[in-house]
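This is what each chain is made of:
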Amino acid sequence: MTSKNVLIIPCATQIGVEQYNSLKFNKYFKLTGASHNDSDDLFSNFIKLNYALENPKFIDEIKFIVKKYNIDILLPSHDEVLYILKNIPELENIIPGSSKKIINTCRFKSKTYDKLSTHPELLNSIPRYQTIKPGFLKPDKGQGSKGGIYINNDYVHCEYLPGKEYTVDCFTNHKNQLIYVNPRLRKTVINGISETTSIVDIPHVKQIATKINTLFRFKGSWFFQLKQDKNNNLKFLEIAPRIGGGSNINRLNGVNLTLSDLYQHLGYDINIVPQNLITEVNRKIPKYNLNFDTLLVDYDDTFGYIKDILYKLNKEIIIITRSKVKIKTIIPHKTIYVKENQNKSDIINSLNKPHAIFIDDSFKERKDVFLNCNIPCLTPEETQYLI
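A brief report on the enclosed structure follows. Note that the structure is a prediction, hence the values are computed from the model and not measured.

Cut-offs used in this document
- Residues numbered from 1 in each chain as written.
- Predicted model: local features only at pLDDT ≥ 70, side-chain atom pairs only at ≥ 80, totals over all residues.
- Heavy atoms only, no water.
- Core = buried A, V, L, I, M, F, W, Y, C linked by side-chain atoms within 4.5 Å.
- Buried < 20%, exposed > 50% of the residue type's maximum accessible area, 1.4 Å probe, protein only.
- Helix = DSSP H or I, 4+ residues; strand = E, 2+ residues; numbered from the N terminus.
- Contact = heavy atoms within 4.5 Å.
- Polar contact = N/O pair within 3.5 Å; in protein donor to acceptor, adjacent residues only side chain to side chain.
- Phe/Tyr/Trp six-rings, centres within 6.5 Å; stacked < 30°, edge-to-face > 60°.
- Lys NZ or Arg CZ within 6 Å of the ring centre and 35° of its normal.
- Salt bridge = Lys/Arg side-chain N within 4 Å of Asp/Glu carboxyl O.
- Axes fitted to C-alpha atoms, helices over the stretch in contact; angles between N-to-C directions.
- Parallel < 35°, antiparallel > 145°, perpendicular 65-115°, else oblique.
- Left-handed = near helix turned anticlockwise from the far one by under 90°.
- Nonpolar A, V, L, I, M, F, W, Y, C, P; charged D, E, K, R; others polar.
- Pairing = 2+ DSSP bridges.

Points about the nonpolar core
The biggest cluster of nonpolar side chains holds 25 residues, and the ones touching the most others in it are L116, I212, F216, W222, F224, F236 and I239. Among the elements of the structure, α5 (100-106), α6 (109-116), β9 (165-172), β10 (178-190), α7 (205-216), β12 (220-228) and β13 (234-240) are those that each provide at least two residues to this core. Excluding residues within four positions of it along the chain, I239 makes contact with C106, T112, L116, I212, F216, F218, W222, F223 and F224. L277, V297, L378 and Y385 belong to the second-largest nonpolar core, a separate cluster that totals 23 residues.

Focus on the side chain of N104
Here N104 lies in helix α5. Polar side-chain contacts of N104 include one of 2.8 Å to the side chain of N87. Ignoring anything within four residues of it in the chain, the contact list for N104 reads Y83, N87 and K111.

Let's talk about the packing of aromatic side chains
Under the counting rule described, the total for this entry stands at eleven aromatic pairs. When the ring of F29 is compared with that of Y263, the centres are 5.7 Å apart and the planes differ by 65°; the resulting orientation is edge-to-face. You can see F29 sitting in strand β2 (residues 29-35) and its partner Y263 sitting in helix α9 (residues 257-265), a full 234 residues away along the chain. Owing to a relative accessible area of 5%, F29 belongs among the buried residues under this scheme. Geometrically, the ring pair formed by F218 and W222 is stacked, given 4.2 Å between the ring centres and 10° between the ring planes. For the pair F218 and W222, one class covers both residues: buried. Of the aromatic side chains, those joined through ring pairs into one cluster are F216, F218, W222, F224 and F236. The lysine or arginine in question, K111, covers the ring of F108, its NZ or CZ lying 4.6 Å from the ring centre.

Considerations on the environment of H265
Checked against the element boundaries, H265 lands in helix α9. Spatially, the C-alpha atoms of H265 and I94 are 8.5 Å apart, while their sequence positions differ by 171 residues. In contact with H265, other than residues within four places in its own chain, are I73, N93, I94, I95 and P96.

Examining the pattern of salt bridges
Overall, the coordinates contain 23 salt bridges when judged by the stated rule. For K235, the salt bridge identified is with E159, shortest N-O distance 2.9 Å. Linking K235 in strand β13 with E159 in the loop between β8 (155-158) and β9, this pair joins segments that are 76 residues apart in sequence. Each member of the pair K235 and E159 is classed as buried. As a salt-bridge pair, D229 and K235 come within 3.4 Å of each other at their nearest N and O atoms. On the basis of relative accessible area, D229 is assigned to the buried category, the value being 6%. What makes K235 buried here is its relative accessible area of 8%. Connected through shared salt-bridge partners, R128, E159, D229 and K235 make up one network.

Looking at the packing of helix α11 (residues 344-351) against helix α12 (residues 363-373)
The N-to-C vectors of α11 and α12 enclose an angle of 40°; their axes lie 8 Å apart at closest approach. Considering their axes alone, α11 and α12 lie oblique with respect to each other. Judged by the sense of rotation from one axis to the other, the crossing of α11 with α12 is right-handed. Here K344, S345, I348 and N349 of α11 lie close against α12, whose contacting residues are E365, D368, V369, N372 and C373. Classifying every residue of the contact of α11 with α12 gives three nonpolar, three polar and three charged.

So, the sheet that holds strand β14 (residues 280-282)
The sheet built from six strands is open, its strands ordered β13-β12-β9-β10-β11-β14 with antiparallel pairing. If you trace the sheet from one side to the other, it starts and ends with β13 and β14, each paired once. When strand polarity is set aside, the average angle formed by the axes of neighbouring strands in this sheet is 30°. One ladder, built from six bridges, connects β12 with β13; its direction is antiparallel. For K227, the partnering residue across the bridge sits in β13 and is K235.

The structure is reproduced here in structure tokens:
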């Protein structure tokens, strides 16, 4: 596969950071970030945007950037940016994921609830709501305009849901098959994004996700949010055709949703193999708590990216490589060269290292080792969370 130029916009959002962390060591995707900030600490290729979203020149600015920098894939990291850019004919087809029709529905809570209402088995999970048009709101009991509020946009008036709140991360393949469902509790929430999230078991959640997927016909990553009403019944909050803000917990468990979106967009079949390595994550300081004494590391497109981390970890290092070059590094290690038609899993099983971790940029190699050796298998991007 030839490398692709990817533009993440706006790159400074929490979702933009997760997209960066999902792709930063991948040799097939060259990342560029764009935002209204003056600079960015993550992206070596950064573009400062001049026009605000509501400015008509914003769209022309994005079109210019796409053309000038030969952008192959556009990754919006904000709901409104996704909504705006997906509705631009010249940009629609370079944005991975669900169709314009689905994005236009999910952008509005009223349209989302109306769509859900067409499925009889989902009706009881929709909160009571009504749409309020622009105008002036004032208390029913009161005097004059005291307590009144002027609104100039449509609002949705919903029943109050006081209970626990959940996000369910999902992935739908190009055949409209739902191949991944992962419910998690939003333990702490700041500005609408989970700061601390933990994987939980919600009864019948896969059946709910399947019904939603059948109704909306998503493509790629999406999620829905549920919250308990006063009787502990789960009701819908919203549905979004993108990764969630706290979705790094999926990546730390071997499911890179952003990368899966890109590969599916490019025509590849997606295979997801969850590893269940971690059950709770603080979004800002994610960290594994794995018991290991040995690191089994691929060389090409892996070792060079993480050698500083490997040095800090101070564990036994065994490089297992298909490369024929002589490996030179100051880090103490043993090297095993893989023969043609030999599986890395066979080599690892012969080593008798039950507390090892395998690190490789190749999904095929990680899948082979995970299924046959039953040890954690990480990408180079996840290695930093071992420290």
